[in-house]
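Okay, here's what each chain looks like letter by letter:
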Amino acid sequence: DIRISSFLFSDVSGMKVLSNHTMTEVQYEIDCLHKTKKTTVIKAATCTEKGQKKWECTVCGATGTETIAATGHHYDDGIVTKLPTYTEKGIKTFTCTNCGKSYTEDIPVLEYPFIYQTSTDGITITGYTGKESIVTIPDSINGKSVTEISDWAFKGSHFEQINLPKTVKKVGKCVFANCDNLKEIKVDTGNSQYCSDNGILFDKSKKTLIRYPEAKISTAYTIPNTVTSIEQYAFNDCIKLKNITIPNSVKNIGVRAFKNCSSLTDIVIPTSITKLESGVFSYCSSLKNITIPESVKTIDSYAFEYCENLTMMTLPNSITTIKSSIFLYCTGLKSMVIPNSVTSMEKYVFYGCSNLNSVTISKKVAIIDEKTFYNCTALREITIPNSVTKIETNAFENCNKLTDVYYQGTAKQWKAITIVSDNIALTKATIHTEDTITLNKTAVTLGVGQSYTLKAVTDIETSLTWKSSNTAVATVSSNGKISAKSSGTAEITVTSINGQSAKCRVTVQNAPTKVSLNKSALIVGMEENFTFITSVGKDEFMGEITYTSKNTGIVTIDKNGNITTKSIGTSIITAQTYNGKTATCRVTVKKAPSSISINRKQSIMGLGETFYLEGSLPADEAARVLIFSSNHPEIATVTDGGIVMAKSKGTAIISITTYNGQRTSCRVTVRNAPTSLTFNQTELTLKLGKTFYLESKFNDGEYARMVTYNSPNKTVATISGSGVIMAKKVGTVKITGKTYNGKTATCTVTVVP
């Protein structure tokens, strides 16, 4: 009998009852589950092969073997064993950490970080999209040579070095503008057009300095004496440079060449320079001293704008014109003497020079232009020569500290100066003149019934006596008011208490009986300018004209007859004389031109030949005037009316431009005038009703755009302006062709049934 503890049968799934025993004496045969084993590895498994282990049951002692599964490869994350390039794939190698077996994968070729255009001549780089600190432009992209870098291509890029290949033949303007991290520009030594020296870009001969890198760490630089030209924007934003030496070999300094060299303190212009281009030293905020030689004849606009530390400057006597905005916002400038070589000063010359307190103007200047001294809030005194005839609008606006004007002429001359609006500070200042009494007018013309008040200026006495030499023509009151009585002349005299006097000649003309405008109907485009001119009858005086617009929402008009368009539509402009006579003009405002068409895009002409070029606009658009121009008037000229004349052999572009810049053009090729004219047939037989093209021929290099054809018997055969003969009636006729310069040819045409 077997005594079995109950805990041994917690799992009886392996037991079976023996059938040859009674239920009261059950014997069990127990099958061992071999759940507890002791194992020994006989053969270890590898990545690719199975292994084997032996086991022995610790309960029943049974033994056996089991298969160990192959482990399989366990590859690492891979290592780049060959870097990809722009032309070749890279390789990444993966290795099993157990057995060392490896495999590889391709890494795609790199995408070029450039924006570029492809043409038959090669690749043009137009932009850069990468973030590398060192950029190398390849010799070729997709099998085509990189031959050009376009204007502004790398503007605002942040790389520190760029390498240009030998294939580049053209570097455009301002390629490296605002590259504020750029320290070095390198050029392949095999390049035939460009080179670099110490990281600075030159042309191959080193005669042109093209670009100095913005972030180059040097504070001083001496330009090589091989250089004859400094390219525009060459040193733009080179904020670290404090000193730049320009050799006498340099003959040209480009537009804004040194713009925003904000650390530059001193500069000497060599005597080889004759012109300082626009904005050449603009925004050089630390510039204190600049030496300009007598060789310089012209200083262009904005040359020193925002040079805030420039306190004074001596302009050479070689300068003839002070261009616009030269000293714009030079807030450190305190005084200025304009040399007597200067004959004109343009707009905004000292605009915003808030510390300027004293100015002497050249004795040859005739006009003080618009906003010349605008916001010169510290200006206290100015010397104005008697050559000045006009002071434009806003010339002295906000010059509120201006107290003294020293005018180098008489009070009479001063009053003759035209001072346009918004010059209150000037009119409030004390005017120091070279005489004691003067009148604001030396001659006045009035119409019968008009009045005018003369103004006298005297530094001696305020008590004045007024007198008219002919009171039947004009009377004058005690305060200088003239009243026109009848046609004729009179002399008005003002006399001070000590006998000093001034005179004004008054001419009185008949009052207007009618008034006319230079246009009775006018069609203009939006924002187009036009000035109305009025006239009155012979021997009549027009006087001041009052202009009005019936519909100011369509067009307005100022006191000088200048219209301003406001919207599309129609309005009536009225001009009225002082005595109520009126004239009107119907003004139609259409859309501004959005395009312009031309009657031919190209033409071939012979020397001395002319033809008519015509521009046209869409029906709902208008331009009062079309502007014709030629880029080579020595080859072909064009009149204001569009008549083109061939002047010499060559090619010219004739352009038609609207007031708002819409443009079209015709390419004109000029050849020699014909020395002879021949036809493709001299004798011709045509059946009735048939046609034939009679072609005109010229010697090589000769041409006539138009040949005039004539058939003396149009009942037999006609010929069109283009040379097409039409057989009309049986018979014979001799057709003649003639060029503009008189060369002729004939063709005898026989018409048969």
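Above this text is the structure in question.
Residues numbered from 1 in each chain as written. Predicted model: local features only at pLDDT ≥ 70, side-chain atom pairs only at ≥ 80, totals over all residues. Heavy atoms only, no water.

**Focus on the packing of aromatic side chains**
We count it as follows: Pairing of aromatic side chains requires ring centres within 6.5 Å, counting the rings of Phe and Tyr and the six-membered ring of Trp. Pairs whose planes differ by under 30 degrees are stacked, by over 60 edge-to-face, and all others tilted. Only DSSP runs of H or I covering at least 4 residues are called helices, and only runs of E covering at least 2 are called strands; the numbering of each starts at the N terminus. Whether a residue is buried, partly exposed or exposed follows from its accessible area with a 1.4 Å probe, protein chains only, as a fraction of its type maximum: under 20%, in between, or over 50%, in that order.
Enumeration over the complete set of coordinates arrives at 27 aromatic pairs. Between Phe235 and Phe258, the aromatic rings sit 5.0 Å apart at their centres with planes inclined by 15°, giving stacked as the arrangement. Taken together, the residues Phe235 in the loop between β21 (229–230) and β22 (243–245) and Phe258 in the loop between β23 (252–253) and β24 (266–268) connect sequence positions 23 residues apart. Overall, the relative accessible area of 0% leaves Phe235 in the buried class. By relative accessible area, Phe258 is classed as buried at 0%. In this structure an aromatic cluster arises from ring pairing among Tyr212, Tyr221, Phe235, Phe258, Phe281, Phe304, Phe327, Phe350, Phe373 and Phe396.

**As for the nonpolar core**
Spelled out, the test is: In this description, a nonpolar core means a group of buried Ala, Val, Leu, Ile, Met, Phe, Trp, Tyr and Cys residues linked to one another through side-chain atoms lying within 4.5 Å. The contact definition used throughout considers only heavy atoms, calling two residues in contact when any of these lie within 4.5 Å.
Membership of the largest hydrophobic core comes to 75 residues, with the highest contact counts inside it found for Phe235, Phe304, Phe327, Phe350, Phe373 and Phe396. At the level of elements, β18 (200–203), β33 (381–385), β35 (404–408) and α2 (424–428) are the ones that each hand at least two residues to this core. What Phe396 contacts, discounting residues up to four positions off in sequence, is Ile368, Phe373, Leu379, Ile382, Ile384, Ile391, Leu402, Asn423, Ala425 and Leu426. Core analysis: the next-biggest nonpolar cluster, separate from the first, contains 26 residues, Ala153, Val175, Ile185 and Tyr194 among them.

**As for the environment of Phe350**
Here Phe350 lies in the loop between β30 (344–345) and β31 (358–360). Among residues more than four places away in sequence, those in contact with Phe350 are Phe327, Leu333, Met336, Ile338, Met345, Leu356, Thr372, Phe373, Tyr374 and Cys376.

**Regarding the pattern of salt bridges**
How we decide: The salt bridge definition used is simple: a Lys or Arg side-chain nitrogen within 4 Å of an Asp or Glu carboxyl oxygen.
Under the defined criterion, the tally for this structure stands at 14 salt bridges. One salt bridge in this structure joins Lys170 and Glu148, with 3.9 Å as the shortest N-O distance. Taken as a pair, Lys170 in strand β15 (residues 170–171) and Glu148 in strand β13 (residues 144–149) lie far apart in primary sequence, 22 residues in all. Given the relative accessible area of 25%, Glu148 is considered partly exposed. With a closest N to O distance of 3.2 Å, Glu392 and Lys390 form a salt bridge.

From the geometry alone we can't say anything about function, so treat these as descriptive.
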